[in-house]
Amino acid sequence: MKTVIMAGGKGTRIAAVKSDVPKPMIEICGKPILEYQIDNLKRCGLTDITLVIGHLGHVIKDYFGDGKKFGVDISYFDEDHPLGTAGALFQMPELTEDFLLLCGDVMLDVDFNRFIDFHRKHKAWASLVAHPNGHPYDSSLLVTEILPPQEKGGLPIETQRVLRWMNKEDERKYYRNCVNAGIEIISPRLLEEVRRNYVPRHPETPDKIDLDRDVLKPYIATGKIFAYHTPEYIKDMGTPERLYETEKDIKEGKPAARNLKNKQKAIFLDRDGTLNVSKGFLVEPEEMELIKGATEAVHKINSSEYLCIVTTNQPQIARGECTFDTLQRIHEKMETELGLHGAFVDAIYFCPHHTDKGFEGERPEYKCDCCCRKPKPGMLLQAAEDFNIDLSQSYMIGDGWRDVEAGKAAGCKDSILIEANKDEALLAAVDIILKS
């Protein structure tokens, strides 16, 4: 698969660090950001690369040349005037097959082959890498489709089809921390549709095309745009602060460790009584209230070598007391409040089942002995499959015996029982794990 890297930006926000080179050529730990990307592509066997250059493009050409000394083949598309974030794609006749598209100023370490398999499986017009980050409130967010279990006793299914796109400036109350990472696989079929229907937003510059607003967002309604969720290392180098953070991460080996080709470690968290105040079964978003110390605990996990994954029994679905849509809004409120303080969860798994019967309005299709309701380990096992997790090096934290037993059944290294609703109990448990 061909890779196109947009490397022509000026990087006005980060000019204070280095103004005499293009943004992708700013060095971190002695190597340009763009070289880290090319090394990552080469490791995945992706060696056919086109660099779209503009501002100070000769610096990039002089450094990389034809790519041979880096073990890849590099060609160039030179913008003689700004074409926006996608205009160049419509002037490159060689894009006749699906191609990978990167922004040249993003530090990353990704298993691209896993992403390509996802794209082909879904027969997508475009697949977008999505991930949680510590500043979702100023990021573009994706809303994806979650369906009820398709078989009796199964887990809910996230199709990963994009339903909605929220730009930074769009009004939002509660939202999932599902950030568009600026990494895409694009089908030429999508480019054909855009050519056929495109109406320039700025007639005076008709060839200046925005990838998000002109190419991706307008075609969500086709059902052909998908989001690929990953906890892998992806960081926008838009500000000096993020540049310095990335330098520290590289020295600590975090980018490579997060690549999903490598085994991951996780701290699994129960929800009610562990992360949020347990008030019986929550049935409205406004009832979601984080326990004191929970945000700091999650933030510590985010800064560690562990993924942070929530696994929660939600029998009120089977009891008919809460819908899937309402539960999603409850989780969105939780993610919103965590995100406002720089914390995030990498994934949420929930079980909607319950064996007890006799509730008014209950939903019989979810009244079953499933594989996912804790103390059974189904949610942890599914997370391990999704994110290549080594359960023997992972932990479970919860406020009930079901949580402890689920961790044991999944083969976790240890399970920690904490007091329900107790301030900073989760924080203390996380500290024990990280110190060990």
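Preceding this paragraph is the structure being described.
Reading guide: rules and limits
Residues numbered from 1 in each chain as written. Predicted model: local features only at pLDDT ≥ 70, side-chain atom pairs only at ≥ 80, totals over all residues. Heavy atoms only, no water. Helix = DSSP H or I, 4+ residues; strand = E, 2+ residues; numbered from the N terminus. Rg over C-alpha atoms; globule rule 2.2 N^0.38 Å. Buried < 20%, exposed > 50% of the residue type's maximum accessible area, 1.4 Å probe, protein only. Contact = heavy atoms within 4.5 Å. Areas by Shrake-Rupley, 256 points an atom, 1.4 Å probe, with all protein chains shown as cover. Lys, Arg positive; Asp, Glu negative; His and termini not counted. Charge placed at Lys NZ, Arg CZ, Asp CG, Glu CD. Axes fitted to C-alpha atoms, helices over the stretch in contact; angles between N-to-C directions. Parallel < 35°, antiparallel > 145°, perpendicular 65-115°, else oblique. Left-handed = near helix turned anticlockwise from the far one by under 90°. Nonpolar A, V, L, I, M, F, W, Y, C, P; charged D, E, K, R; others polar. Arc of directions from axis to C-beta. Pairing = 2+ DSSP bridges. Salt bridge = Lys/Arg side-chain N within 4 Å of Asp/Glu carboxyl O. Phe/Tyr/Trp six-rings, centres within 6.5 Å; stacked < 30°, edge-to-face > 60°. Lys NZ or Arg CZ within 6 Å of the ring centre and 35° of its normal.

Draft legend 1. A look at the overall build of the protein chain. Within the protein chain, the regular secondary structure consists of twelve helices and 18 strands. Relative to a compact globule of 436 residues, whose C-alpha radius of gyration would be 22 Å, the protein chain shows 23 Å and is just as compact. By its C-alpha atoms, the protein chain is 70 × 50 × 35 Å across when sized along the principal axes. Across the 436 residues in the protein chain, those meeting the buried criterion constitute 58%. For the protein chain, restricting intrachain contacts to residue pairs at least 6 apart in sequence, the fraction spanning at least 24 positions comes to 74%. In the form shown here, the protein chain has an accessible surface area of approximately 18700 Å², with 49% of it arising from carbon and sulfur atoms. Looking at the protein chain, you have 57 positive and 70 negative side-chain charges, and the mean spots of the two groups are 2 Å apart.

Draft legend 2. Quick peek at the packing of helix 1 (residues 33-43) against helix 2 (residues 57-64). Where helix 1 meets helix 2, the closest approach of the two axes is 12 Å, and the angle between their N-to-C directions is 45 degrees. Comparing their axes, helix 2 and helix 1 come out oblique. Like other packed secondary-structure pairs, helix 1 and helix 2 cross with a definite hand, here right-handed. Counting all contacts with helix 1, which are made through Leu34, Glu35 and Ile38, the residues of helix 2 involved are Ile60, Tyr63 and Phe64. When the residues that make up the contact of helix 1 with helix 2 are grouped by side-chain class, the tally is five nonpolar, no polar and one charged.

Draft legend 3. How the structure looks around helix 3 (residues 112-122). Within the span of helix 3, buried status applies to Phe112, Phe115, Ile116, Phe118, His119 and His122. Along the long axis of helix 3, the arc covered by the buried residues comes to 160 degrees, so they all point the same way. More than 90 degrees from the buried face of helix 3, the exposed residues found are Asp117, Arg120 and Lys121. Phi turns positive one or two residues past the end of helix 3, at Lys123, with a value near 50 degrees.

Draft legend 4. Looking closely at the pairing of strand 8 (residues 126-131). Of all six residues that make up strand 8, six are buried, and the element is covered over most of its length. The side-chain alternation of strand 8 yields two buried faces, one formed by Ala126, Leu128 and Ala130 and the other by Ser127, Val129 and His131. Of the strand pairs in this sheet, strand 8 and strand 11 (residues 179-186) are connected by five bridges, and their pairing is antiparallel. In the strand pairing of strand 11, His131 is matched with Val179. Looking at chain direction, strand 8 and strand 12 (residues 225-229) are connected through five bridges and run parallel. Each bridged residue has a counterpart across the sheet, and for Leu128 the counterpart in strand 12 is Ala227.

Draft legend 5. Region of interest: the pattern of salt bridges. Applying the stated criterion to the full structure yields 31 salt bridges. Where Asp105 meets Lys23, a salt bridge forms, and the shortest distance between an N and an O atom there is 2.6 Å. Placement of Asp105 in the loop between strand 6 (99-103) and strand 7 (106-109) and of Lys23 in the loop between strand 1 (2-6) and strand 2 (27-28) is noted, with a sequence separation of 82 residues between them. For the pair shown, Asp105 and Lys23 are each scored as buried. Residues joined in a network through salt bridges with shared partners are Lys248, Asp249, Glu252 and Lys254.

Draft legend 6. Broad picture of unusual backbone geometry. Residue Pro375 is reached from Lys374 by a cis peptide bond, and omega for that bond is 25 degrees. When you line up the elements, Pro375 lands in the loop between strand 16 (347-351) and helix 10 (378-387). If you check the backbone angles, Leu56 has positive phi at about 55 degrees while not being a glycine. Summarising the element assignment, Leu56 is placed in the loop between strand 4 (48-53) and helix 2. Take Leu56: its relative accessible area is 24%, and that puts it in the partly exposed class. Even without being glycine, Asn421 reaches a positive phi, approximately 65 degrees. Tracing the sequence through the fold places Asn421 in the loop between strand 18 (414-417) and helix 12 (425-435). When its relative accessible area of 31% is taken as the criterion, Asn421 is described as partly exposed.

Draft legend 7. Up close: the packing of aromatic side chains. A full pass over the atoms with the stated rule returns eight aromatic pairs. Taken together, a centroid distance of 5.1 Å and an interplanar angle of 35 degrees make the contact between Phe115 and Tyr228 tilted. Here Phe115 is found in helix 3, whereas its partner Tyr228 is found in strand 12, with 113 residues between them in sequence. For the pair formed by Phe115 and Tyr228, the shared burial category is buried. Against the face of Tyr63 rests Lys69, its NZ or CZ located 5.9 Å from the ring centre. In this structure, Arg172 is placed above the aromatic ring of Tyr175, and the distance from its NZ or CZ to the ring centre is 5.2 Å.

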